[in-house]
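Here's the letter readout for the chains.
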Amino acid sequence: MSQEIADLLKNLGLEKYIVIFENHQVTIDLLKYMTEDNIKDLIPLIGHRVIFLNYWRNKYCSSNASNSSEGWSKDNESEMSEKVICFF
């Protein structure tokens, strides 16, 4: 398992899930492709899931859930490519 995932979970106070993430072969690079259902499977306790989802949404979810290119610029192209659209 990636030490980055272990460190992330420890920083969020969710170290009890390190083994679960390891068993499911979740790496830091895969986080941006995960869905809320994936996260729900990994973190079944609502309180803990809310903590992780807050991190995940802030890191990987676009604040604009449309496919519009409005607001796009060359300066933020790399940042936008790291974001996924989340519906909640």
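In this report, the structure presented in the accompanying data block is examined. All values reported here derive from a predicted model rather than from experimental measurement.

## Some words on helix H1 (residues 3-11)
- Listed in full, the buried residues belonging to H1 are Ile5, Ala6, Leu8 and Leu9. Across the axial projection of H1, the buried residues extend over an arc of 165°, all falling on one side. Of the exposed residues in H1, those oriented more than 90 degrees away from the buried face are Gln3, Glu4 and Asn11.
- Packing partners of the buried residues in H1 comprise helix H2 (18-23) and helix H4 (46-60).
- Where H1 begins, one side-chain oxygen reaches toward the backbone nitrogen of Glu4, 3.0 Å away; that side chain belongs to Ser2.
- Taken from the residues just after H1, Gly13 is the one with a positive phi, measuring 75°.

## Focus on the packing of aromatic side chains
- Across all of its chains, the model carries 2 aromatic pairs by this definition.
- Seen in terms of ring centroids, Phe21 and Phe52 are 5.6 Å apart; in terms of plane orientation they differ by 55°. Their pairing is tilted. Of this pair, Phe21 sits in helix H2 while Phe52 sits in helix H4, placing them 31 residues apart in sequence. By the burial criterion, Phe21 is buried, and Phe52 matches it.
- Centroid distance Phe52 to Tyr55: 6.2 Å. Interplanar angle 55°. Geometry classified as tilted. Taken as a pair, Phe52 and Tyr55 lie in helix H4 at a separation of 3 residues, close to a single helical turn.
- Given the relative accessible area of 0%, Phe52 is considered buried.
- Residue Tyr55 is classed as partly exposed on the basis of its relative accessible area, which comes to 21%.

What counts as what
- Residues numbered from 1 in each chain as written.
- Predicted model: local features only at pLDDT ≥ 70, side-chain atom pairs only at ≥ 80, totals over all residues.
- Heavy atoms only, no water.
- Buried < 20%, exposed > 50% of the residue type's maximum accessible area, 1.4 Å probe, protein only.
- Helix = DSSP H or I, 4+ residues; strand = E, 2+ residues; numbered from the N terminus.
- Arc of directions from axis to C-beta.
- Contact = heavy atoms within 4.5 Å.
- Polar contact = N/O pair within 3.5 Å; in protein donor to acceptor, adjacent residues only side chain to side chain.
- Phe/Tyr/Trp six-rings, centres within 6.5 Å; stacked < 30°, edge-to-face > 60°.

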